[in-house]
Amino acid sequence: MSFNGTAAYQLKRAIKLLNLNDETAKALLEPRRSLEVTFSVRMDDGSVRVFKGYRVQHTDVMGPAKGGIRFHPNVDLSEVKALATLMSIKCSVIGLPYGGGKGGVTVNTKELSEGELERLSRGYVRAIAQFVSSDKDIPAPDMYTNAQIMAWMVDEFSTLKQCNDFGFITGKPLSIGGSVGRNAATARGGFFVTRAACEKEGISLQKARIAVHGFGNVGGNAARIFAAEGSKVVAIADSKTAIYDAQGIDVELAHEIKAKTGTLEDYPKGQKMAPEELFQCDCDILIPASLEEVLTKDNAHLVKAKLIAELANGPTTPEADKILAEKGVTILPDILTNAGGVTVSYFEWIQNRMGYYWTAEEVEEKLEKLMYKAYEDIYKFKQENNCPDYRLAAFAIATERIVQAMRARGWI
Ligand code: NAD
């Protein structure tokens with residue numbers, strides 16, 4: 001992803017709809033702060049390797065910046081800026097008191113031992129420590145970072161500051177201030193948004209046939225939640241295979257097989273297909289939960305679903321968006337539908353600051369309220385402003401909130 005790509009394109013559509021002037025557009029399109037760091041890590045063989053890292057705060061007008069840390073060979077400043085911008089929009093869509101942030105290190109973690117990964121994580125925190133804190137900018141996991149890496153990072157940060165500051169980072173293990181409900185939060189939040197949209201669109205979730213592309217944290221949990229709520233999951237896919245069964249997939253059996261063998265290939269029933277064939281299967285609700293840009297101009301016209309709930313980040317290209325809109329397919333956009341993860345991260349930060357921890361039921365109830373309100377606000381904005389799609393409505397409502405805060409503070 002690059003800063004001038006899809007993120008800027010969608011934001012510019014919102015800027016145009018809201019009729020914002022050039023100076024306001026500039027304040028929105030340029031991140032407020034970008035930090036580029038170079039730091040060295042001692043490798044197991046005694047040599048030293050030098051890494052590049054980044055942290056970008058798109059805005060902090062409504063509160064501290066919030067967003068993940070990505071460890072990936074393709075990470076560069078342009079990508080981190082784009083992802084930070086999308087985080088501002090996502091936080092604002094839900095009404096969280098945050099701006100958007102993002103960080104990353106250009107690294108292939110598959111080449112590192114566990115000790116090297118720990119020293120890299122601690123080195124990155126030392127390099128960005130002045131830029132982040134629970135009041136300024138709160139990181140979290142993203143691609144190729146996880147709860148263990150967050151634990152090393154909070155330990156390093158607390159050592160530097162000479163006091164525990166668990167609220168400095170979210171996505172931590174439960175034993176050091178993580179929140180219950182975080183693992184399934186993205187899928188559960190997506191379920192709440194989809195259920196609200198089905199009510200409005202006259203789709204019965206009980207009768208709906210669901211296809212889920214991706215069977216990791218998000219897709220695996222989504223299949224489980226939709227099945228538990230009474231929908232029929234008819235198709236699932238991981239990176240090696242897709243399975244279609246009009247009678248319904250046994251989601252728990254699929255989880256068992258995936259956990260045991262690492263793939264869905266040994267699932268004994270239904271019909272096997274290539275993973276990308278799932279997009280054209282007979283279903284009512286399609287859930288992309290794998291990679292970005294999987295729905296393109298080449299396959300959008302084959303989609304049979306009435307509703308697409310984007311749980312992955314950026315699964316639909318702008319060209320595919322247009323084709324799907326012409327076909328009358330409703331798209332629930334990623335910045336709303338997969339915001340359950342950052343919402344429970346927000347709950348984790350609140351619990352850290354209070355030093356008082358909620359039960360799974362309390363977390364779920366609070367998540368449901370925020371996701372439902374966010375959907376209702378966007379639906380209302382879409383109707384009142386004659387927006388052609390939910391994505392534009394979500395970007396516009398989020399942008400309008402950020403602009404209101406900028407005006408209130410005298411920034412524009
Ligand atoms: P994950 O690594 O746990 O799972 C990814 C899944 O996608 C795996 O099952 C993998 O087999 C599958 N996959 C990979 N390539 C595929 C292909 N070509 N065809 C079919 N399946 C393929 O990742 P995740 O955390 O579940 O994230 C999935 C998506 O959701 C990503 O776009 C991520 O950015 C987004 N997301 C995740 C969270 C979260 O809380 N984990 C929050 C917001 C957005």
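None of these values were measured; they are calculated from a predicted model.

1. Some words on the overall build of the protein
If you tally the helices and strands in the protein, you get 13 helices and 13 strands. When its C-alpha atoms are laid out on the principal axes, the protein stretches across 60 × 55 × 40 Å. In the protein, which comprises 412 residues, the share counted as buried stands at 57%. Within the protein, contacts between residues separated by at least 24 positions form 68% of all contacts whose residues are at least 6 apart in sequence. With an accessible surface of roughly 17,300 Å², the protein has 47% of that area assigned to carbon and sulfur atoms.

2. What about the pattern of salt bridges?
Counted according to the given criterion, the structure contains 30 salt bridges. Linking R195 and E368 is a salt bridge whose minimum nitrogen-to-oxygen distance equals 2.6 Å. On the criterion of sequence distance, the pair formed by R195 in helix α6 (residues 185-201) and E368 in helix α12 (residues 360-384) is long-range, its members being 173 residues apart. Exposure remark for E368: the relative accessible area of 29% places this residue in the partly exposed category. Across the pair R391 and D334 runs a salt bridge, and its minimum N-O distance is 3.7 Å. Highlighted residues: R391 in helix α13 (residues 390-408) and D334 in helix α10 (residues 334-337), separated in sequence by 57 residues. For D334, a relative accessible area of 9% corresponds to the buried category. If you follow the salt bridges from partner to partner, you end up with E118, R122, R126, D155 and E156 in one network.

3. With respect to the domain arrangement of the protein
In terms of domains, the protein is made up of domain 1 (33-171) and domain 2 (185-337). Taking only C-alpha atoms into account, the centre of domain 1 sits 30 Å from that of domain 2. Facing 5 residues of domain 1, the contacting portion of domain 2 comprises 4 residues. Note on domain 1 versus domain 2: buried area summed over both sides is about 400 Å², and carbon and sulfur give 64% of it. Across the domain 1-domain 2 interface, the total number found is 0 salt bridges. Scanning the region where domain 1 abuts domain 2 turns up 1 residue pair in polar contact (both at pLDDT 80 or more). The residue inventory of the side of domain 1 that touches domain 2, partitioned by class, reads 4 nonpolar, no polar and 1 charged.

4. Re the packing of aromatic side chains
Inspection of the entire model under this criterion finds 12 aromatic pairs. Judged by centre distance (5.1 Å) and plane angle (80 degrees), the ring pair of F191 and F226 falls under edge-to-face. Placement of F191 in helix α6 and of F226 in helix α7 (residues 217-228) is noted, with a sequence separation of 35 residues between them. Considered together, F191 and F226 belong to a single accessibility category, that of buried residues.

5. Remarks on the layout of surface pockets
Volume-wise, the second largest pocket comes out at about 370 Å³. Along its surface, the second largest pocket is lined by 16 residues, and D321, A325, V329, P388 and D389 are the ones closest to its centre. Elements with a contribution of two residues or more to the lining of the second largest pocket: α1 (6-17), α9 (318-326), β13 (330-332) and α13. Of all the elements, α9 adds the most residues to the lining of the second largest pocket, at 4 residues. Each residue belonging to the lining of the second largest pocket can be placed in one class, and the counts come to 7 nonpolar, 3 polar and 6 charged.

6. What about helix α11 (residues 340-354)?
The end-to-end C-alpha distance of α11, which contains 15 residues, comes to 21 Å, matching closely the 21 Å that a straight helix rising 1.5 Å per residue would cover. Counted residue by residue, α11 has 12 buried out of 15 residues, so it is predominantly covered. Buried within α11 we find G340, G341, V342, T343, V344, S345, Y346, F347, E348, W349, Q351 and N352. If you follow the buried residues of α11, they end up packed against β3 (65-66), α3 (77-94), β6 (137-138), α6 and α12.

7. Some thoughts on the site of the ligand
Neighbouring the ligand are 18 residues, the closest being T186, F215, N217, V218 and D238. In this structure, R182 approaches the ligand through a side-chain N or O atom, which is 3.5 Å from an oxygen atom. At a separation of 3.4 Å, a nitrogen atom of the ligand approaches a polar side-chain atom of H213. Against a free-state accessible area of 840 Å², the protein chains account for coverage of 70% of the ligand.

8. Overview of the packing of α6 against α11
In contact at an axis separation of 7 Å, α6 and α11 are set at 115 degrees when each is read in the N-to-C sense. Taken as a pair, α6 and α11 cross one another with a handedness that is right-handed. Along the contact surface, α6 presents A185, T186 and G189, while α11 presents G340, G341 and V344. Class assignment of the residues belonging to the contact of α6 with α11 gives a composition of 2 nonpolar, 4 polar and no charged.

Conventions adopted
- Residues numbered from 1 in each chain as written.
- Predicted model: local features only at pLDDT ≥ 70, side-chain atom pairs only at ≥ 80, totals over all residues.
- Heavy atoms only, no water.
- Helix = DSSP H or I, 4+ residues; strand = E, 2+ residues; numbered from the N terminus.
- Buried < 20%, exposed > 50% of the residue type's maximum accessible area, 1.4 Å probe, protein only.
- Contact = heavy atoms within 4.5 Å.
- Areas by Shrake-Rupley, 256 points an atom, 1.4 Å probe, with all protein chains shown as cover.
- Salt bridge = Lys/Arg side-chain N within 4 Å of Asp/Glu carboxyl O.
- Domains from an automatic or database assignment.
- Buried area = accessible area lost by both parts, 1.4 Å probe.
- Polar contact = N/O pair within 3.5 Å; in protein donor to acceptor, adjacent residues only side chain to side chain.
- Nonpolar A, V, L, I, M, F, W, Y, C, P; charged D, E, K, R; others polar.
- Phe/Tyr/Trp six-rings, centres within 6.5 Å; stacked < 30°, edge-to-face > 60°.
- 1 Å grid on protein atoms, 1.4 Å probe; cavity = no way out; pocket = protein on both sides within 12 Å on 5 of 7 lines; lining within 4 Å.
- Points joined across faces, edges and corners; volume = space filled by probe spheres on them.
- Expected span 1.5 Å × (residues − 1).
- Near = heavy atom within 4 Å.
- Axes fitted to C-alpha atoms, helices over the stretch in contact; angles between N-to-C directions.
- Left-handed = near helix turned anticlockwise from the far one by under 90°.

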